[in-house]
Amino acid sequence: TELAAKAAGPYWQSIIHGGLVYVSGVVGACPRKMALVEGGVLAQVSMAFANMEAVLKASGSSLSNVIKTTVYMTKMSDFAEVNALYAEKFNGHKPARSCLAAAELPKGALFEIDCIAVVNDSSPAASK
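Residues numbered from 1 in each chain as written. Predicted model: local features only at pLDDT ≥ 70, side-chain atom pairs only at ≥ 80, totals over all residues. Heavy atoms only, no water.

With respect to the overall build of the protein
Item 1. A count of helical and extended segments in the protein gives 2 helices and 5 strands.
Item 2. Written out in order from the N terminus, the α and β elements of the protein read β-β-α-β-α-β-β.
Item 3. Relative to the compact-globule value of 14 Å for 128 residues, the protein shows a C-alpha radius of gyration of 14 Å, a close match.
Item 4. Its C-alpha atoms give the protein principal-axis dimensions of about 35 × 30 × 20 Å.
Item 5. The buried share among the 128 residues of the protein stands at 39%.
Item 6. Put simply, 75% of the contacts in the protein that link residues at least 6 apart link residues at least 24 apart.
Item 7. Counting only carbon and sulfur atoms, one obtains 55% of the accessible surface of the protein, whose full area is about 7100 Å².
Item 8. Across the protein, the 11 positively charged side chains and the 10 negatively charged ones have centroids separated by 3 Å. (Helix = DSSP H or I, 4+ residues; strand = E, 2+ residues; numbered from the N terminus. Rg over C-alpha atoms; globule rule 2.2 N^0.38 Å. Buried < 20%, exposed > 50% of the residue type's maximum accessible area, 1.4 Å probe, protein only. Contact = heavy atoms within 4.5 Å. Areas by Shrake-Rupley, 256 points an atom, 1.4 Å probe, with all protein chains shown as cover. Lys, Arg positive; Asp, Glu negative; His and termini not counted. Charge placed at Lys NZ, Arg CZ, Asp CG, Glu CD.)

Okay, here's the thing in structure tokens:
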């Protein structure tokens, strides 16, 4: 989709297979400028979520259908702030998640996220 930052390498923004959409890692890059947004890690998290939401929508899914995320951060000292904004963006939905520290991310990003979501299912069953 043109509504999200383009992939930074030889891969698709997402792939749909078996009723799931696999969204490639997205960073906080503005789709129009293809440059990271200014304002620090929280600004990048917000832009990354906007990019991820655009890819999910174009793939027939949404944040409420996400079942797994992987979060990459360059500074784990940002964890509490990032975690609070992550929770706000998911609005009570709690997909499974891994969170990793990375020495560097593409384009010098401070945050990257990828996800797996159910396609065309507004309420995936939560495993309890």
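Quick look at helix α2 (residues 79-90)
Turn by turn, an α-helix covers 3.6 residues, leaving residues three or four places apart pointing in a common direction.
Item 1. The end-to-end C-alpha distance of α2 is 16 Å, a good match for the 16 Å that 12 residues give at a rise of 1.5 Å each.
Item 2. Turning to α2, its buried residues number three or more, namely Val 82, Leu 85, Tyr 86 and Phe 90. What you see down the axis of α2 is that its buried residues fit within an arc of 135°, all on one side. In α2, those exposed residues whose orientation departs by more than 90 degrees from the buried face are Ala 80 and Glu 88.
Item 3. Close packing links the buried residues of α2 with α1 (41-58), β3 (66-73), β4 (96-101) and β5 (111-118).
Item 4. In the segment just after α2, Asn 91 is the residue with positive phi, at about 50°. (Expected span 1.5 Å × (residues − 1). Arc of directions from axis to C-beta.)

Structural notes on the sheet that holds β5
Item 1. What the 5 strands build is an open sheet, ordered β1-β2-β5-β3-β4; its pairing is mixed. This sheet does not close on itself; its edge strands, each paired only once, are β1 (14-17) and β4. Looking at each pair of strands side by side, their axes are set apart by 10° on average, direction ignored.
Item 2. Where β1 lies against strand β2 (residues 20-27), 4 bridges are found, and the strand directions are antiparallel. (Pairing = 2+ DSSP bridges. Axes fitted to C-alpha atoms, helices over the stretch in contact; angles between N-to-C directions.)

Notes on the packing of α1 against α2
Item 1. Their axes nearest at 10 Å, the elements α1 and α2 cross at an angle of 30°. In this view, α1 runs roughly parallel relative to α2, as classed from their interaxial angle. As α1 runs across α2, the sense of the crossing is right-handed. Listed contacts from α2 to Val 41, Leu 42, Val 45, Ser 46, Phe 49 and Met 52 of α1 are Glu 81, Val 82, Leu 85, Tyr 86, Lys 89 and Phe 90.
Item 2. For the contact of α1 with α2, a count of residues per class yields 9 nonpolar, 1 polar and 2 charged. (Parallel < 35°, antiparallel > 145°, perpendicular 65-115°, else oblique. Left-handed = near helix turned anticlockwise from the far one by under 90°. Nonpolar A, V, L, I, M, F, W, Y, C, P; charged D, E, K, R; others polar.)

A short note on the state of the cysteines
Item 1. This structure, assessed with the given rule, holds 0 disulfides.
Item 2. Cys 99 supplies the cysteine sulfur nearest to Cys 115, a cysteine that is in no disulfide, at a spacing of 15 Å.
Item 3. For Cys 115, a relative accessible area of 3% corresponds to the buried category. (Disulfide = S-S within 2.5 Å.)

Remarks on the nonpolar core
Item 1. With 25 residues, the main nonpolar core has Phe 49, Met 52, Leu 56, Phe 111 and Ile 113 as its most contacted residues.
Item 2. For this core, the secondary-structure elements that each account for two or more residues are β2, α1, β3, α2 and β5.
Item 3. Examining the composition of this core, we find that 8 residues originate from one element, α1, more than from any other.
Item 4. Apart from the residues within four sequence positions on either side, Phe 49 is in contact with Leu 63, Tyr 86, Lys 89, Phe 90, Phe 111 and Ile 113.
Item 5. Counting residues in each nonpolar core, the second largest holds 6 residues, with Ala 29, Ala 102, Leu 105 and Ala 109 among its members. (Core = buried A, V, L, I, M, F, W, Y, C linked by side-chain atoms within 4.5 Å.)

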